[in-house]
Number of protein chains: 2
Amino acid sequence: MSGRVYLDWNATAPLRPEARAAMIAAMDVVGNPSSVHAEGRAAKGVIERAREEIAAAFGATGGRIVFTSGATEAAALALAGRGLHAAPIEHPCVLAHVTADLPVDGQGQVHPTDPAVTALQWANSETGILQSPPPGVAVVDFVQAFGKLPIAFDWTGARMGLLSAHKIGGPKGVGALVLAEGEEVAPLLRGGGQELGSRAGTENVVGIAGFAAAAKAAAEDLARGVWEEVAERRDRLEEMLRDAAPEAIVIGADAPRLPNTLALAVPGWKGETQVMQMDLAGFAVSAGSACSSGKVRRSAVLSAMGFDEVTAASAIRISLGPATREEEIAAFARAWSLGYKRWRERGAKRTGQGAAGPASVRHDRQDVTAAPGGVGERKEATR
Amino acid sequence: MSGRVYLDWNATAPLRPEARAAMIAAMDVVGNPSSVHAEGRAAKGVIERAREEIAAAFGATGGRIVFTSGATEAAALALAGRGLHAAPIEHPCVLAHVTADLPVDGQGQVHPTDPAVTALQWANSETGILQSPPPGVAVVDFVQAFGKLPIAFDWTGARMGLLSAHKIGGPKGVGALVLAEGEEVAPLLRGGGQELGSRAGTENVVGIAGFAAAAKAAAEDLARGVWEEVAERRDRLEEMLRDAAPEAIVIGADAPRLPNTLALAVPGWKGETQVMQMDLAGFAVSAGSACSSGKVRRSAVLSAMGFDEVTAASAIRISLGPATREEEIAAFARAWSLGYKRWRERGAKRTGQGAAGPASVRHDRQDVTAAPGGVGERKEATR
């Protein structure tokens, strides 16, 4: 992957060296954590130390950490059968279990009516837009916020929280449900008595060890102020792209946002096409969230925020990390600006006008397909 | 853990070097498997190659492999809400979802009346006793059998199969549900479209890579005949323990068994006490299955087979692996025989008889607690 530039940290962050080392060390721990002998107790020790480290990193020492196979399982454990309400901008793993009837304003803000029956994200994965969950929210999705913002679970007043290891430089396939004191969940996975009966199944010892090491390192990074530098770099990138494409819309420009996320739409230049063109040029970015990018053609998040179909199909997400270098964002800005220029030229040629600006694009579904960016579209994306 | 002897391979097998190497290699794969860019496709490639390798190792090329966080999740995915029937000797993660009304005979054999509504294990984790599932069984638990016996899923006629990575030398926290052609499951975890919609959530890429490498290595081991050597060693161990303790009952002695498993009961000498004594002496064995050993005092499997309470509370499981050496089983036999001799002596002293043989133990719950083996019992085990 030499020469590639990875700008899709919200989809998944590269594994931190600390996580890698902890995982390799945990590979030598032979026992089953449920076994009572020395080998079993050693494996149990890895898990319990990890639980303490994550609780400390997340300011959740008053609560309880239940390890899961990721945020999707944590969401199911927290939400299934509870009939909670949420806004349509939540992650699909939350939307699968809620009534998505809470309104979203043009700046992506959700205003819950009753926190006790609400699921609410702290940060949106596609736009980076932050919420200010009031105390007492039933389930808060901290997946994108944890590690990037100074959050102590105990102080948020959330009753339950969702975490994912791989968004903070831990391994993929591990996460946690955090329970405030007094909260209980009915187990989704039943059988053995693991996780105090909340989640059966032999634990992912190696993954959990990596999660804890990543959480600890992420908390240290945060304290050192690395995300402030990331935010500066993101802001410079935003400026460069806006300079190149004056009609580009920065999603949530006037809202509080994650320090690393830039969601940008050039109406008519399809997000999928941009992603493919940038990929060929050596840059990894995304259109929508990773788990839905293979199947949807426009962003449900942007639609919920009131953007028209063309705009909602024309957004890309560029998400930076602490390792993202200044020259990488400069190189991306050059490549993207070139792509934008070519798209404009193709549009101009097709319409016979000097330029195919937003005004020349009819904002309906048919026109999206016929828009200049449609050239070079991938087959699987058109299904 | 130098000087320790690990004889609890059915609880979990040590990580194979091939799995370790594959996991470390997969740590460098940055992308989210759901991302469409090069980094995402590389991660997806790891998973799809793993799927092919496991299908090949398990003879399931006609079916479909759905990766899960382990056999417990695979069982829930296969069984939840289906109202299937099973015998009470199944693993707790299966029993959580079935009606346990199928009878078990004294040799641990289950005779399903209607395979299409039955869940049945291929091999019992506590006793090693094998079943002969008729074709068409709805869900077969292959967890303990896979890798130790030559089984091709496509030839078994099973409609679904459960697999766990860590029982074959892969990592803990990964497993699979295998679906015969035409079988579908309603997803338990919903959200993203991963695993063709059968199981949402970002995949455990590192764990899946380790699972596949372990499956491949296990299939090669099996073909080389390593388990025949293991069976010989197990048989020698069985002989040594029987010689030392003439009243010892080998569970399933007349039934077909896994090559590596020895379940042995000395009525009155509590299994938990034996496990603790052997642990102190440097040997890891278990009483019951690992996931239940922290909470139950007698084996539900042995009870279902018709053993009385005392015997069901007096069994240990010794499970060997390909790495188990001859001198290790000899050392275990010596330590166990010494423990047995001391237990007999304590019993003789307490009862004032020459020996506390099975005949002197009243077979009811109270007497189990008062039996000679009760000395030195751990506090948490008596809850």
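Residues numbered from 1 in each chain as written. Chains lettered and ligands numbered in written order. Predicted model: local features only at pLDDT ≥ 70, side-chain atom pairs only at ≥ 80, totals over all residues. Heavy atoms only, no water.

Participant: Which parts of the structure should I look at to understand the sheet that holds strand 8 (residues 261-265) of chain A?
Facilitator: Strand pairing in a sheet takes place through backbone hydrogen bonds and is either antiparallel or parallel in direction. Strand order across the open sheet formed by three strands is 7-8-10 (chain A), with antiparallel pairing between neighbours. Looking at the sheet topology across the chains shown, the edges are occupied by strand 7 (249-250) and strand 10 (315-319) of chain A. (Pairing = 2+ DSSP bridges. Helix = DSSP H or I, 4+ residues; strand = E, 2+ residues; numbered from the N terminus.)

Participant: Teacher, can you tell me more about the confidence of the model for chain A here?
Facilitator: Regions with low pLDDT carry predicted coordinates that are not meant to be interpreted in detail. Residue and element names in this part refer to chain A. Summing up the model confidence of chain A, the mean pLDDT is 90 and the portion of residues at 70 or higher is 89%. In the model, residues 354-383 has pLDDT below 50 throughout and makes 56 contacts with residues more than four positions away in sequence or in other chains. The ipTM, which scores confidence in the relative placement of chains, is 0.90 for this predicted complex, and the corresponding pTM is 0.91. (pLDDT = per-residue confidence, 0-100. Contact = heavy atoms within 4.5 Å.)

Participant: Just to check I follow, could you spell out the interface of chain A and chain B for this structure?
Facilitator: Reports often express the size of an interface as the amount of accessible area lost when the parts come together. Counting residues at the interface gives 62 residues for chain A and 62 residues for chain B. For the pair chain A and chain B, the two sides together bury roughly 4900 Å², of which 59% comes from carbon and sulfur. The three residues of chain A that bury the most area against chain B are A:Met27, A:Lys172 and A:Arg190, which together make up 13% of that side's buried surface. Counting the contacts that link chain A with chain B gives six salt bridges. Of the charged contacts, one joins B:Arg41 and A:Asp279 as a salt bridge, the two residues approaching to 2.9 Å between their closest N and O atoms. On inspection of chain A and its partner chain B, the count reaches 20 residue pairs in polar contact (both at pLDDT 80 or more). Secondary structure elements with two or more residues in the side of chain A that touches chain B: helix 1 (17-26), helix 2 (38-57), helix 3 (71-79), helix 4 (92-95), helix 6 (205-224), helix 8 (271-280) and helix 9 (290-293) of chain A. With four residues, helix 2 of chain A is the largest single contributor of residues to the side of chain A that touches chain B. (Buried area = accessible area lost by both parts, 1.4 Å probe. Salt bridge = Lys/Arg side-chain N within 4 Å of Asp/Glu carboxyl O. Polar contact = N/O pair within 3.5 Å; in protein donor to acceptor, adjacent residues only side chain to side chain.)

Participant: It is not clear to me how the packing of aromatic side chains should be interpreted in this structure. Could you clarify?
Facilitator: Aromatic ring pairs are reported here in terms of the distance separating the ring centres and the angle at which the planes meet. Residue and element names in this part refer to chain A. Inspection of every chain in the model, using the stated rule, returns 24 aromatic pairs over all chains. For the pair phenylalanine 58 and phenylalanine 146, a centre-to-centre distance of 4.8 Å together with 65° between the ring planes defines the contact as edge-to-face. Highlighted residues: phenylalanine 58 in the loop between helix 2 and strand 2 (64-68) and phenylalanine 146 in the loop between strand 4 (139-141) and helix 5 (153-156), separated in sequence by 88 residues. Relative accessible area serves as the criterion here: at 0%, phenylalanine 58 is assigned to the buried category. Here phenylalanine 146 falls in the buried class, since its relative accessible area comes to 5%. (Phe/Tyr/Trp six-rings, centres within 6.5 Å; stacked < 30°, edge-to-face > 60°. Buried < 20%, exposed > 50% of the residue type's maximum accessible area, 1.4 Å probe, protein only.)

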